[in-house]
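Understanding the architecture of this molecule
Listed below are the residues making up each chain.
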Amino acid sequence: YRVAAVQTPNSAQLWNNIGMCFFGKAFHTAAVSCLKRALYLDPFEWIICYNLGLVHLNTGQYASAFHYFSASINLKSDFPASYMYLAITLARLKDFPNSCTAYEKAISMEQDHMNHLNYAITLYNHGEVDKARTHHGIFKQLYAELNQEDVEHDYEVMAQSQGLQEALSKAGNLS
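The structure contained in this document is the topic of the report that follows.

Scanning the protein chain from N- to C-terminus turns up 11 helices and zero strands. Overall, the protein chain shows an N-to-C arrangement of helices and strands of α-α-α-α-α-α-α-α-α-α-α. Judged by the C-alpha coordinates and their principal axes, the protein chain covers about 65 × 35 × 25 Å. The buried share among the 175 residues of the protein chain stands at 42%.

Dropping the structure here:
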């Protein structure tokens, strides 16, 4: 990337990619710096806003994450993952009703297992145990339909699902 940065210093896509490389290595300050440079070079590129949202969400800067996910959705409204991450961000900002709306929009666009797992976790965290159970069941069904190669190294997803399953079981025993 060093050679490319010297040869094409005004490429928004290049700076976006460099920023996401830094993000992958957990160099969040460098990632934000590169992504903001990319956004300066191309302010209407939705993926840069989306990536800035991801970095800010991962660093706990939820207001900034909300800003960039909203901008991403305004620039490209047909990308379901933007709605899912916006929903996660809203839940962290303690805006449960709008978080649910964003999850439902993501689910209406795409039946992705991650939409249902994250929605189930948010529902459980806000006391909606029956709805959480429903969405966790849909998650398990969609997850079972995935290729074995896709799920083989998805330890974090399985850990989240198992943790939710245990919490839902305990909640079932209490009622």
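A few words now on the packing of helix 6 (residues 80-92) against helix 8 (residues 113-125). As a packed pair, helix 6 and helix 8 sit with axes 10 Å apart at the nearest point and diverge in direction by 10 degrees. Overall, the two elements helix 6 and helix 8 adopt an arrangement that is roughly parallel. Contacts from M84, I88 and A91 of helix 6 reach helix 8 at M114, N115, N118 and T122. Looking at the contact of helix 6 with helix 8, its residues break down into four nonpolar, three polar and no charged.

With that settled, the discussion passes to the packing of aromatic side chains. Per the stated rule, a full pass over the model turns up nine aromatic pairs. Look at Y103 and Y119: their rings are 4.8 Å apart centre to centre, the planes differ by 20 degrees, and that puts the pair in the stacked class. On the criterion of sequence distance, the pair formed by Y103 in helix 7 (residues 96-109) and Y119 in helix 8 is long-range, its members being 16 residues apart. Residue classification places Y103 among the buried positions, given a relative accessible area of 1%. Taken together through their ring pairs, the aromatic side chains of W46, Y50, F69, F79 and Y85 make up a single cluster.

Taking 1.5 Å of rise per residue, the 13 residues of helix 8 would be expected to cover 18 Å, and the 19 Å separating its terminal C-alpha atoms lies within 8% of that figure. A large share of helix 8 lies buried, amounting to 10 of its 13 residues. Here helix 8 has its buried residues at H113, N115, H116, L117, N118, Y119, A120, I121, T122 and L123. One side-chain oxygen at the N-terminal end of helix 8 lies 3.0 Å from the backbone nitrogen of M114; it belongs to D112.

What counts and what doesn't
Residues numbered from 1 in each chain as written. Predicted model: local features only at pLDDT ≥ 70, side-chain atom pairs only at ≥ 80, totals over all residues. Heavy atoms only, no water. Helix = DSSP H or I, 4+ residues; strand = E, 2+ residues; numbered from the N terminus. Buried < 20%, exposed > 50% of the residue type's maximum accessible area, 1.4 Å probe, protein only. Axes fitted to C-alpha atoms, helices over the stretch in contact; angles between N-to-C directions. Parallel < 35°, antiparallel > 145°, perpendicular 65-115°, else oblique. Contact = heavy atoms within 4.5 Å. Nonpolar A, V, L, I, M, F, W, Y, C, P; charged D, E, K, R; others polar. Phe/Tyr/Trp six-rings, centres within 6.5 Å; stacked < 30°, edge-to-face > 60°. Expected span 1.5 Å × (residues − 1). Polar contact = N/O pair within 3.5 Å; in protein donor to acceptor, adjacent residues only side chain to side chain.

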